[in-house]
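# Remarks on the overall topology
Each chain is listed here by its residues.
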Amino acid sequence: MSLFLRLLPTTSQAGTAGSPVLYVHGATFPSALSIAHRFDGKSWRDALNEAGFDVWGLDLYGFGHSDRYPEMDQAATEYQPLCVAEDAAKQVAAAARFILGHQSRDKLSLISHSWGAMPACLFASAHSALVDRLVLFAPIGRRPSRRYENPPTFPAWRIVTSEDQWNRFVEDIPEHVPPVLSRVHFDEWSKLYLGSDPESRSRDPTGVKTPLGPFSEIIKAWHGQPAYDPSQVKSPVSIIRGEWDGLVQDDDARWLFDALSNTPTKRDIKIGRGTHLMHLEAMRFALWRESIDFLKGEDIAPIPS
């Protein structure tokens, strides 16, 4: 099968000029609708370009412009969940090797969203020499296993509608506070979301066919079974999350921060008025700024001997 990679090269003369950054998306929508989506004319990718980074967006199998798994043409209940982290990490590795060869570089940095932290960390663990820095935006962590309870099983794929996405976008916003995502912006985004699956509008209700490996692994992580071991990551890591993120709560971030025991430097940054989808919300500029500052490095002072 074929993987889709999209490059927007920088035109900046900043000190980081040409440094490659690979984006690994989350569980339900591809790179074009996350790091590359322009609200009011500007995207996270544009901000990274201005800072001197070449930005690569990867669509994993089953998402966006990459090929669909053949099993997605069959009944969902006949197969195990598709696009689990181990499989996705191999796709990230293939993309990384191509990028480094294409740009004649020794290392690249990664930005992941949500479940995307799992394949990103698996790749970084297995190929630490290739990874400069790692931004984990709203990463899924481990929650304690529940006594006498096993995680549920899931089919191979499911249909996700625009209304499913809207409900997900607003579910964690406290009552009686101003919205952080306008319905106008969402409706614009939603049209493109449905366009990411050519067959979406032929269904009733209209929706995008989505691999369920990512969601199944989020649930497993919340039953004490994460798909990755943070202690194997040896690159600098920044955890960035919103204060209203119901999928990455303080205890989740604390577990991950502590479990990243072999990184040379690590951060846990919480931004106010942000949810799990902060990269598409009012506080997205703060997210962009924090990620850029971290990726630039130069944040460890030498200690005189």
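Residues numbered from 1 in each chain as written. Predicted model: local features only at pLDDT ≥ 70, side-chain atom pairs only at ≥ 80, totals over all residues. Heavy atoms only, no water.

### Points about the packing of helix α2 (residues 85-103) against helix α3 (residues 117-126)
Just so we agree on the cut-off: Fitted lines through C-alpha atoms give the axes, limited to the stretch in contact for helices. The angle between two N-to-C directions lies from 0 to 180 degrees. Helix and strand labels come from DSSP, where a helix needs a run of H or I of at least four residues and a strand needs a run of E of at least two; each type is numbered from the N terminus. Angle categories: roughly parallel below 35 degrees, roughly antiparallel above 145, roughly perpendicular from 65 to 115, and oblique for all the rest. Definitions for this section: a left-handed crossing has its near helix turned counterclockwise from the far helix by less than a right angle. A right-handed crossing has that turn clockwise. Any two residues whose heavy atoms approach within 4.5 Å are treated as being in contact. Only Asp, Glu, Lys and Arg are considered charged in this grouping, and only Ala, Val, Leu, Ile, Met, Phe, Trp, Tyr, Cys and Pro are considered nonpolar; every other residue, Gly among them, is considered polar.
Taken N-terminus to C-terminus, the directions of α2 and α3 make an angle of 60°; their axes are 8 Å apart at the nearest point. Relative to α3, the element α2 lies oblique. Both α2 and α3 take part in a crossing whose hand is right-handed. In this structure, α2 uses Ala85, Glu86, Ala88, Ala89, Val92, Ala93 and Ala96 to contact α3, whose residues at the interface are Met118, Pro119, Leu122 and Phe123. Class assignment for the residues of the contact of α2 with α3 results in ten nonpolar, no polar and one charged.

### Some thoughts on the environment of Ala75
Of note, Ala75 is situated in the loop between β3 (53-59) and α2. Between the alpha carbons of Ala75 and Arg267 there is a distance of 43 Å; along the sequence they are 192 residues apart.

### Considering α3
Put simply, the rule is: Per-residue accessibility, obtained with a 1.4 Å probe over protein chains only, is compared with the maximum for each type, and a residue is labelled buried under 20%, exposed over 50%, and partly exposed between these values.
For α3, the buried fraction is high: seven of the ten residues fall into the buried class. Here α3 has its buried residues at Ala117, Met118, Pro119, Ala120, Cys121, Phe123 and Ala124. Here the buried face of α3 lies against β2 (19-24), α2, β4 (108-113), β5 (131-137) and α6 (213-221).

### Structural notes on the packing of aromatic side chains
To keep it simple, the criterion reads: The rule is short: rings of Phe, Tyr and Trp, with Trp giving its six-membered ring, pair when the centres are within 6.5 Å, and they are stacked under 30 degrees, edge-to-face over 60, tilted in between. The criterion for a charge sitting over a ring is simple: Lys NZ or Arg CZ within 6 Å of the ring centre, and within 35 degrees of the ring normal.
Per the counting criterion, the structure on display carries 14 aromatic pairs. Relative to Phe98, the ring of Trp56 has its centre 6.1 Å away and its plane inclined at 80°; by these criteria the two rings are edge-to-face. Pair noted here: Trp56 is in strand β3 and Phe98 is in helix α2, with a separation of 42 residues, a long-range link. Since its relative accessible area comes to 47%, Phe98 is described here as partly exposed. Site record: aromatic cluster; members linked through ring pairs are Phe29, Trp166, Phe169, Phe186, Trp189 and Tyr193. The aromatic ring of Phe294 is capped on one face by Arg133, whose charged end is 4.6 Å from the ring centroid. Cation over ring: Arg183 sits above Trp166, and NZ or CZ is 4.3 Å from the ring centre.

### Observations concerning the pattern of salt bridges
Selection criterion: The salt bridge definition used is simple: a Lys or Arg side-chain nitrogen within 4 Å of an Asp or Glu carboxyl oxygen.
Throughout the structure, instances matching the rule amount to 15 salt bridges. Across the salt bridge formed by Arg146 and Glu149, the nearest N and O atoms sit 3.5 Å from each other. We classify Arg146 as partly exposed; its relative accessible area is 40%. The exposure class of Glu149 is partly exposed, given its relative accessible area of 37%. The salt bridge partner of Arg203 is Glu199, with a shortest N-O separation of 3.6 Å. Classification of Arg203 by relative accessible area gives buried; the value is 17%.

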